[in-house]
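# A structural walkthrough
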Amino acid sequence: MEYPLQNRWKMRLDGRYRVSDYADANNLVGGGTQKRSDTQHRARAVLEYELEKNIELSLKYAFTKNDSNINSYDYDRTLIQLGVNW
């Protein structure tokens, strides 16, 4: 979703949900194998400011949570990024 704010400002929001079932089994620590199955949620917000016609400042925040039936593949990730788009 993209939403124009005041004058040169705009905001984008998006989300994602993913289910992954892997065909090949993973070798487990301590022996044995198991097929991996993950669910992943991601939310992202981007705020942009147009300095000039082709130059923007952007601030991005993203959070990803991955849940897996194999503990070593569970993770949370937070990204905060400041950039210039030209």
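Provided above is the structure to which this section pertains.
Residues numbered from 1 in each chain as written. Predicted model: local features only at pLDDT ≥ 70, side-chain atom pairs only at ≥ 80, totals over all residues. Heavy atoms only, no water.

Moving on to the pairing of strand β3 (residues 33–52). Note: strand β2 (residues 9–27) against β3, 16 bridges, orientation antiparallel. Paired with Arg-18 across the strands is Gln-40, a residue of β3. Taken together, β2 and the strand that follows it, β3, pair antiparallel across an intervening segment of 5 residues, in which Gly-30 is found at a positive phi of about 90 degrees. Across 14 bridges, the pairing between β3 and strand β4 (residues 55–68) is antiparallel. Following the sheet pairing, Leu-47 is matched in β4 by Leu-59. Linkage of β3 to β4, two consecutive antiparallel strands, is achieved through a turn of 2 residues. (Pairing = 2+ DSSP bridges. Helix = DSSP H or I, 4+ residues; strand = E, 2+ residues; numbered from the N terminus.)

Here Glu-48 shows up in strand β3. Here Glu-48 falls in the buried class, since its relative accessible area comes to 7%. There is a polar contact of 3.0 Å between the side chain of Glu-48 and the side chain of Arg-12. (Buried < 20%, exposed > 50% of the residue type's maximum accessible area, 1.4 Å probe, protein only. Polar contact = N/O pair within 3.5 Å; in protein donor to acceptor, adjacent residues only side chain to side chain.)

This part is about the pattern of salt bridges. Enumeration over the complete set of coordinates arrives at 8 salt bridges. A salt bridge links Glu-48 to Arg-12; its shortest N-O distance comes to 3.0 Å. With Glu-48 in strand β3 and Arg-12 in strand β2, this pair connects stretches of sequence that are 36 residues apart. One continuous salt-bridge network, built from bridges that share partners, spans Lys-10, Arg-12, Glu-48 and Glu-56. (Salt bridge = Lys/Arg side-chain N within 4 Å of Asp/Glu carboxyl O.)

Bear in mind that shape data such as this cannot, by itself, settle questions of function.
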